[in-house]
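Survey of secondary and tertiary structure
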Amino acid sequence: MKLDLYQIDAFTNTIFGGNPACVVPLDEWLSDDLLLKITKENAVAETAFYVDKGDKIHLRWFTPDIEMDLCGHATLATAHCLKSILNYPKDKIIFETLSGDLTVFMQNDFYFLDFPSRMPLISKLPEIIEKSLNILPKEVFKSRDYVLIYDSQEDIKNIKIDRQTFDQINLNPGGVIVTSKGNDCDFVSRFFTPQALILEDPVTGSAHCSLIPFWSKRLNKKELSAMQISERVGTLNCQDKNDRVIISGQAKTYSIGTFWID
């Protein structure tokens, strides 16, 4: 069986920036085991698989390790693939996912993702995570992910993870967000996943389901600018809509190809 494969850099307007995702259109679903094998072979943070059902598009996301409940950058990549490469005719794309129906629309080369809001609550940091950090946070919150609050962007930039310690905990499917106010934007962040093939995710759209309501409340702003300051760097425009968040960004196509499975 021959399948198409699109690799797209999401939350960036330049190649080699943002977060790379692979997108694989399917006529019908393959086994979960085969989907995971394809994802491992692709060796990027996420591969999105979709089946076009007419009124909606059934979308699933896989890391090289597990199926995810929500992924922002691979959703953006899929929307970019549909609209900019495959000439999807509708102005609004409705994705049917494990996190409910997610809507994406495009305007002036930007993709706007309508995602659930996940306000994090005050929490206690597990000892294993605490021991793995070279700089300790000032505050700790949690939703799906732990959200660690720091004093400055410099702190976020300088955080190092002791992976041997960090990998002793499993937060499946969550991770650890480190965040602070930004120097040239409203807030910055980085994202780490224990026991994952890829420790640091370059740009994590789903993390902003918690970051947006948190910083919206703290900064008393409904519209915010954000940067994920990994090595590749990604930029996100954010809106707090109470029970929903809008995350917008751009994308660039890196490659288009085909692969074969038995």
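Above this text sits the structure in question.
In this report, the structure presented in the accompanying data block is examined. (Residues numbered from 1 in each chain as written. Predicted model: local features only at pLDDT ≥ 70, side-chain atom pairs only at ≥ 80, totals over all residues. Heavy atoms only, no water.)

1. Notes on the overall build of the protein chain
Counting secondary structure elements, the protein chain contains six helices and 18 strands. Its C-alpha radius of gyration of 18 Å places the protein chain within 12% of the 18 Å reference for a compact globule of 262 residues. Each principal axis of the C-alpha atoms in the protein chain carries an extent, and together these give about 50 × 40 × 30 Å. Burial statistics for the protein chain: of 262 residues in total, 55% are counted as buried. (Helix = DSSP H or I, 4+ residues; strand = E, 2+ residues; numbered from the N terminus. Rg over C-alpha atoms; globule rule 2.2 N^0.38 Å. Buried < 20%, exposed > 50% of the residue type's maximum accessible area, 1.4 Å probe, protein only.)

2. Considerations on the packing of aromatic side chains
Within this structure, the stated rule accounts for six aromatic pairs. Among the aromatic residues, those joined into a ring-pair cluster are Phe-141, Phe-187, Phe-214 and Trp-215. Positioned above the aromatic ring of Trp-29 is the side chain of Arg-60, whose terminal nitrogen or guanidinium carbon lies 5.1 Å from the ring centre. Against the face of Tyr-146 rests Lys-142, its NZ or CZ located 5.2 Å from the ring centre. (Phe/Tyr/Trp six-rings, centres within 6.5 Å; stacked < 30°, edge-to-face > 60°. Lys NZ or Arg CZ within 6 Å of the ring centre and 35° of its normal.)

3. Side note on helix H1 (residues 32–42)
Those residues of H1 not exposed but buried are Leu-35, Leu-36, Ile-38, Thr-39 and Asn-42. Buried residues in H1, looked at end-on, bunch into an arc of 160°, giving them a common side. What points out from H1, more than 90 degrees from its buried face, is the exposed set Lys-37 and Glu-41. Where H1 is buried, its residues contact strand E1 (2–10), strand E2 (19–26), strand E3 (46–52), strand E4 (57–62) and strand E18 (251–260). (Arc of directions from axis to C-beta. Contact = heavy atoms within 4.5 Å.)

4. Observations regarding the pattern of salt bridges
Considering all chains together, one arrives at 17 salt bridges under this definition. Between Asp-101 and Lys-56 there is a salt bridge, with the nearest N and O atoms lying 2.7 Å from each other. Highlighted residues: Asp-101 in strand E7 (residues 100–107) and Lys-56 in the loop between E3 and E4, separated in sequence by 45 residues. A relative accessible area of 37% places Asp-101 in the partly exposed class. Classification of Lys-56 by relative accessible area gives partly exposed; the value is 26%. For Arg-60, the salt bridge identified is with Glu-67, shortest N-O distance 2.9 Å. Several salt bridges converge on common partners, so that one network encompasses Asp-69, Arg-118, Arg-144 and Asp-145. (Salt bridge = Lys/Arg side-chain N within 4 Å of Asp/Glu carboxyl O.)

5. Regarding the pairing of strand E10 (residues 139–142)
Of the strand pairs in this sheet, strand E9 (residues 121–122) and E10 are connected by two bridges, and their pairing is antiparallel. Paired with Leu-121 across the bridge in E10 is Lys-142. Bridge count for E10 against strand E11 (residues 146–149) is four bridges, and the pairing is antiparallel. Paired with Val-140 across the two strands is Leu-148, which belongs to E11. Linking two consecutive strands that pair antiparallel, namely E10 and E11, is a turn of three residues. (Pairing = 2+ DSSP bridges.)

6. With respect to the side chain of Asn-42
With respect to the helices and strands, the residue Asn-42 is situated in helix H1. A relative accessible area of 17% places Asn-42 in the buried class. Those residues within four positions of Asn-42 in sequence are excluded, and the remaining contacts are Leu-5, Cys-22 and Thr-47.

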